[in-house]
Amino acid sequence: MRGHARRTTATTLTATCALLTAVATGCSGVQAGSSDAALTVSATTAIIADLVEQVGGDRVDVTSIVPHHGDPHSYEPSPGDAAEVADADLVFSNGLLLEEPGIMKMVHNNAPESTPKVQIAEKLEQYGGTVMKLEEDLGLDVLWLGWAVEGRIAGDGSQVRSTATKLEGPGELRVYLTDTLGRPKVYVDSADGLDAKDSFTLPPEAHTHVNWAFEKPGTYRLTVEGRTETLDGKAEKFGSGTFTFTVGDAAEAPEGATVLDGGHADVALNAETGKVYVRADEEKSGARTEHPAGDVVLNVPDRAKESVPKEKPYAFLGRPGTDLWVLPQAVIGKHVHGDMDPHAWEDVANAEAYVRRIEAELIKADPDGKATYEKNTAAYLKKLGALDQEVARKLATIPEENRELITTHDAFGYLAKAYGMEVAGFVVPVPNREPSAAEVEELGDTIREKQVPSVFLEPNLAARADVLKRVAQDQGVEVCTIYGDSFGDEIHDYVSMMRHNADELAKCLGKDA
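The present account deals with the structure reproduced in this document. (Residues numbered from 1 in each chain as written. Predicted model: local features only at pLDDT ≥ 70, side-chain atom pairs only at ≥ 80, totals over all residues. Heavy atoms only, no water.)

For the rest of this paragraph, the subject is empty space enclosed by the protein. If a probe the size of a water molecule is rolled over the atoms, the empty space left behind becomes visible. Per the stated rule, a full pass over the model turns up one cavity of 30 Å³ or more. Along its surface, the largest cavity is lined by T45, I47, I48, P72, N94, L98, W345 and D485. (1 Å grid on protein atoms, 1.4 Å probe; cavity = no way out; pocket = protein on both sides within 12 Å on 5 of 7 lines; lining within 4 Å. Points joined across faces, edges and corners; volume = space filled by probe spheres on them.)

This next bit is on the pattern of salt bridges. According to the stated counting rule, one finds 23 salt bridges in the structure shown. For R59, the salt bridge identified is with D366, shortest N-O distance 2.8 Å. Taken together, the residues R59 in the loop between α2 (46-56) and β2 (60-64) and D366 in the loop between α5 (348-365) and α6 (370-395) connect sequence positions 307 residues apart. Judged by its relative accessible area of 7%, D366 is buried. We note a salt bridge from R279 to E150, for which the minimum N-O separation is 2.5 Å. Taken together, the residues span a long stretch of sequence, with R279 in strand β16 (residues 276-281) and E150 in strand β5 (residues 144-150) at a distance of 129 residues. (Salt bridge = Lys/Arg side-chain N within 4 Å of Asp/Glu carboxyl O. Helix = DSSP H or I, 4+ residues; strand = E, 2+ residues; numbered from the N terminus. Buried < 20%, exposed > 50% of the residue type's maximum accessible area, 1.4 Å probe, protein only.)

As a further point, take the packing of α5 against α6. At their nearest, the axes of α5 and α6 sit 9 Å apart, and the two run at 175 degrees to each other. As the angle between them shows, α5 and α6 are arranged roughly antiparallel. For the pair formed by α5 and α6, the contact residues are V348, A349, A351, E352, V355, R356, E359, L362 and I363 on the first element and K370, Y373, E374, T377, Y380, L381, L384, G385, L387, D388 and V391 on the second. Its residues assigned to classes, the contact of α5 with α6 comprises twelve nonpolar, two polar and six charged. (Axes fitted to C-alpha atoms, helices over the stretch in contact; angles between N-to-C directions. Parallel < 35°, antiparallel > 145°, perpendicular 65-115°, else oblique. Contact = heavy atoms within 4.5 Å. Nonpolar A, V, L, I, M, F, W, Y, C, P; charged D, E, K, R; others polar.)

What follows concerns the side chain of E359. Within the element layout of this structure, E359 appears in helix α5. Buried within the structure, E359 lacks any salt-bridge partner; its nearest side chain of opposite charge belongs to R356, at an N-O separation of 6.8 Å. Beyond its immediate stretch of four places on either side in the chain, E359 contacts V55, Y373, E374 and T377. (Lys, Arg positive; Asp, Glu negative; His and termini not counted.)

Summed over the entire model, instances satisfying the criterion amount to nine aromatic pairs. A centroid spacing of 5.4 Å and a plane angle of 40 degrees characterise the contact between W212 and F245, whose relative ring orientation is tilted. A residue pair is termed long-range when its members are at least 10 positions apart, and W212 in strand β11 (residues 211-214) and F245 in strand β13 (residues 235-247) qualify at 33 residues. Here the aromatic cluster, defined as three or more aromatic residues joined through ring pairs, consists of W147, Y187, F200, W212, F214, Y220 and F245. (Phe/Tyr/Trp six-rings, centres within 6.5 Å; stacked < 30°, edge-to-face > 60°.)

As summarised here, the arrangement of the five strands in space is β8-β7-β11-β20-β19, forming an open sheet in which the pairing is antiparallel. Two strands lie at the open edges of the sheet, namely β8 (184-189) and β19 (305-307), each paired on one side alone. Going across the sheet, the axis of each strand differs from the next one's by a mean of 35 degrees, ignoring polarity. Of the strand pairs in this sheet, strand β7 (residues 173-178) and β11 are connected by four bridges, and their pairing is antiparallel. Counterpart to Y176 in the pairing with β11 is N211. (Pairing = 2+ DSSP bridges.)

Turning to its location among the elements, T407 is positioned in strand β22 (residues 404-407). In this structure the C-alpha to C-alpha distance between T407 and G484, which are 77 residues apart in sequence, comes to 9.9 Å.

Strands sit in the order β17-β16-β15-β5-β10-β21 across an open sheet of six strands; the sheet is mixed. What marks the edges here is a single partner per strand, and that holds for β17 (288-292) and β21 (336-337). Across four bridges, the pairing between β5 and strand β10 (residues 206-209) is antiparallel. Considered in β10, the bridge of A148 is made with H207.

Another point: the state of the cysteines. If you walk through the whole model with that rule in mind, you get one disulfide. Put simply, C480 and C508 are joined by a disulfide, and their sulfur atoms are 2.1 Å apart. Disulfide C480-C508: torsion about the S-S bond near -100 degrees, hence left-handed. Of this pair, C480 sits in strand β25 (residues 478-481) while C508 is found in helix α10 (residues 494-509), placing the two residues 28 residues apart along the sequence. Accessibility classification places C480 together with C508 in one group, the buried group. (Disulfide = S-S within 2.5 Å.)

Excluding glycine, residues mostly carry a negative phi; peptide bonds, for their part, are mostly trans. Although it is not a glycine, L97 adopts a positive phi angle of roughly 65 degrees. Not every positive phi belongs to a glycine, and Q451 is a case in point at roughly 55 degrees. Inspection of the secondary structure assignment puts Q451 in the loop between α8 (437-450) and β24 (454-457). Accessibility expressed as a relative area gives 51% for Q451, which makes it exposed.

On to helix α4 (residues 101-110). For α4, the complete set of buried residues consists of P101, I103, M104, M106, V107 and H108. Elements that come into contact with the buried residues of α4 comprise α3 (79-86), β3 (90-93), β4 (117-119), β6 (159-168) and β21. A distance of 2.6 Å separates the backbone nitrogen of G102 from a side-chain oxygen at the start of α4, and that oxygen is part of E100. (Polar contact = N/O pair within 3.5 Å; in protein donor to acceptor, adjacent residues only side chain to side chain.)

Dropping the structure here:
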């Protein structure tokens, strides 16, 4: 869903209320472009826009950058988005690297310097909320290798560019990411020689998951360098390093090298120290260790061997059906994030903290509206308090043995922690291809071992979850729907979203195992 106009504005809501008078009491918010609006506000997501509308009432005209059904992890902003941001008196985002970096770059490039740019979740604890670490464990039987940048950089919107400058090896290497619609974005392709185009940017303290595809077995050495880039066009190199990959079971690691062949790790570049290394998460302790680029070997065994997909967008990988050794992306979309889980609103108590922060920022920007904002906030917090109890009450009806979630992506950690559940898995093995027989079997085993009666899809990601639906059908379990990052055709506000999630979870998991 790329095309959109004045999304999530209360003009639409008001028109809907006029037509549907029977439910008029459920419609509230701003009249976009009305003379009563004291502030023009841009929000990155429809969920945040809805919370702003609840606090702002008629004094605020708010639009959402990411469309109603959109995915904030992968949405690419349009010129219309830039124009709206340029007119905004205040910009709200979630922060914690929820939004696709291009969204935040567009905000910093187009919003006036004097316009406050508020990343709500970055200071959530100060307003009574909680933020927790993002836990990632897909149980892959090969190394899950991402790409990361560390170290703070001065200047809003500054980024780190990672560039592949040299490759030695028996075949070609492609590093690419697959978006939520299954389209590949190539970051590195050695087939036509490495140059400045074999690069990509990440915001500070972020990492992303990518596919590493090797053409032939053998030993590869990849040299990468890092540069900082600021919005005013300044670029500065800060370090480089060479990483060794052993591809195929016959390839041998140099004597004395540390070999990584499983778990989660990232090729990492630190903009503050200039160091280039592999950071690896210890599977048992969860501790993070750093290995200098020259001291570590990244293993790509024969069990990672796949076939080049037949779909035309993957022609850059070679002839369809030929062998390819792949360390998979393993998650859906443009999964750029940091160490903290950004999906804090899935705990209703955290949504209350969002509202308190929004209230404070609106009062700061529009002191004359203080009484209105305080009144609206008090009324909405009361509504959220009742919603929190309702969600807890409904989820408490789920039998203890069924309190495990298998979903399309890792967006429900806060919901699970707040309401006594557990995330058993988020399942999108490799978005760019059909999963291997072993992956399908492993997913089936997880569903069978956990004895879950249902698995859950998010509407905006459902098209990329064919594997989950097929395996669920094979295992005789139901496929249900819950909302994570966006609304849908029947869900238009936060309260309705959380009420739906609670109802769906209670209905689909409240069965005998």
